[in-house]
Amino acid sequence: MPDREEYRETAGASTPVSERVRLPLLTLITQQSLDEDYQHAAERKAAGGPRPPKGRPPRTAAVVIGVFGLLVATAFVQTTRNAPVQDASRESLISRIEARRDRVAAQEEQVADLRKENAGLEDAASGLADDSQTIEVALRRLEIRTGFIAVKGEGIRITVKDSVGGGEDGEVKDRDLGLLVNGLWESGAEAIAINGQRLTAVSAIRTSGVAIRINGVGVNSPYTVEAIGDTRVLAARLFDTTTGLTFVSTSQVYGFTYDVDDNVQDLSLPAAPAAVRNLRSVRQPGGQGRPFDDSPGETQP
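Residues numbered from 1 in each chain as written. Predicted model: local features only at pLDDT ≥ 70, side-chain atom pairs only at ≥ 80, totals over all residues. Heavy atoms only, no water.

Student: Before we go on, may I ask you to explain the sheet that holds strand S7 (residues 223-228) in this structure?
Tutor: As a general point, the strands of a sheet are linked pairwise by backbone hydrogen bonds and lie either parallel or antiparallel. In space, the five strands of this open sheet follow the order S3-S2-S7-S1-S8, with antiparallel pairing throughout. Sheet topology places strand S3 (197-199) and strand S8 (257-269) at the edges, where each strand pairs with a single neighbour. Averaged over neighbouring strand pairs, the angle between their axes works out to 25° when direction is ignored. With six bridges connecting them, strand S1 (residues 151-161) and S7 associate as antiparallel partners. (Pairing = 2+ DSSP bridges. Helix = DSSP H or I, 4+ residues; strand = E, 2+ residues; numbered from the N terminus. Axes fitted to C-alpha atoms, helices over the stretch in contact; angles between N-to-C directions.)

Student: Any chance you could explain the sheet that holds strand S5 (residues 211-214) here in plain terms?
Tutor: With antiparallel pairing, three strands are arranged side by side in an open sheet as S4-S5-S6. Lying at the two open borders of the sheet, with one neighbouring strand each, are strand S4 (205-208) and strand S6 (217-219). On average, each strand axis in the sheet is tilted by 40° relative to the strand beside it, whichever way the strands run. Strand contacts of helix H5 (residues 174-186): S4 and S5, with the helix running at about 170° to S4, the strand carrying the most contacts. (Contact = heavy atoms within 4.5 Å.)

Student: What should I look at first to understand a nonpolar patch on the surface in this one?
Tutor: Together, Val-63, Val-67 and Leu-71 line one region of the surface with nonpolar side chains, adding up to about 280 Å² of accessible area. Owing to a relative accessible area of 52%, Val-63 belongs among the exposed residues under this scheme. (Patch = residues over 30% accessible without salt bridge, like charges linked within 9 Å, V, L, I, M, F, W, Y side chains within 5 Å. Areas by Shrake-Rupley, 256 points an atom, 1.4 Å probe, with all protein chains shown as cover. Salt bridge = Lys/Arg side-chain N within 4 Å of Asp/Glu carboxyl O. Buried < 20%, exposed > 50% of the residue type's maximum accessible area, 1.4 Å probe, protein only.)

Student: Even after reading the chapter, I still don't get the packing of aromatic side chains, so can you show me in this structure?
Tutor: Aromatic ring pairs: the centre-centre distance and the angle between the two ring planes describe each pair. Throughout the structure, instances matching the rule amount to three aromatic pairs. Measuring from centroid to centroid gives 5.8 Å for Phe-247 and Phe-256, while their planes differ by 50°, and the two rings are tilted. The burial state of Phe-247 is the same as that of Phe-256; both residues are buried. Here the aromatic residues Phe-239, Phe-247, Phe-256 and Tyr-258 are joined through ring pairs into a cluster of three or more. (Phe/Tyr/Trp six-rings, centres within 6.5 Å; stacked < 30°, edge-to-face > 60°.)

Student: What is the right way to read the pairing of S1 from this model?
Tutor: Taken residue by residue, a regular strand's side chains alternate between the two faces of the sheet. Both S1 and S8 contribute to a ladder of nine bridges, which runs antiparallel. From the neighbouring strand, Gly-153 faces S8, where its bridge partner is Leu-267.

Student: Sorry, what's going on with H5 here?
Tutor: Every α-helix winds through 3.6 residues per turn, so residues three or four apart in the chain are directed the same way. Its 13 residues give H5 an end-to-end C-alpha distance of 18 Å, which sits within 8% of 18 Å, the value for a rise of 1.5 Å per residue. With 10 of its 13 residues buried, H5 lies for the most part within the structure. Every buried residue of H5 is listed here: Asp-174, Asp-176, Leu-177, Gly-178, Leu-180, Val-181, Asn-182, Gly-183, Leu-184 and Trp-185. In the stretch just after H5, Gly-188 is the one whose phi turns positive, near 105°. (Expected span 1.5 Å × (residues − 1).)

Structure below.
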């Protein structure tokens, strides 16, 4: 049996191989396509068939070019006509933008001015608030000193009694109570009352007949003198003042007694009667100082 090589040589010798078989596939497809195109063209020429019309393509192109030119001309004319309107619209738009910018700049300047003014007003308001607080404190002190309002707080209570069996000389006089009250004012008392009668800088303590009258109201022994102030120093300062020491000396000479409670936490003093809390005149000493001096005055005996 012949082997494979012998068979191949025998087959090659007996059957010739075509050139188309030896060509690459891509080259074969290209050549075959071109050959067929030339063949069809040659057959149509030999048969005397009609040729494709030559006049139509140029005519169609001319129509297309003409239409295109007409469109371009129309667009040019329309653009030329609209140019002034567009320019005017552009200028108007620019003017509006510039006007808005100027308006915004003016408003920004106004805002800056208003902020500066507001800062100044805030400073002024802060100063007025401080002044108002100071005035309220001063007004409160004046209301207390002049007896316009009732007051509560800590203080001292001094009870003064006539001498037992001492006769008329042992009775407490209006001047004795005046010494005690003036000593309390000098010691820093903020408010004073005797038997419920609130005292002010213009209150009067006078003997009328056999009774002592305070603010026009008669009071009798025992005399309860209540003073609101700092309990830590009020009693000690009282007996260091000249009027306080004079009151002590007078009590020793004439025999009337007094008892001091120097730590009372719940004193409550009423407002002064309207007749004594309304100022009749105010004088500024020496033309200097404040228009009204709220320092405690002296109650004259």
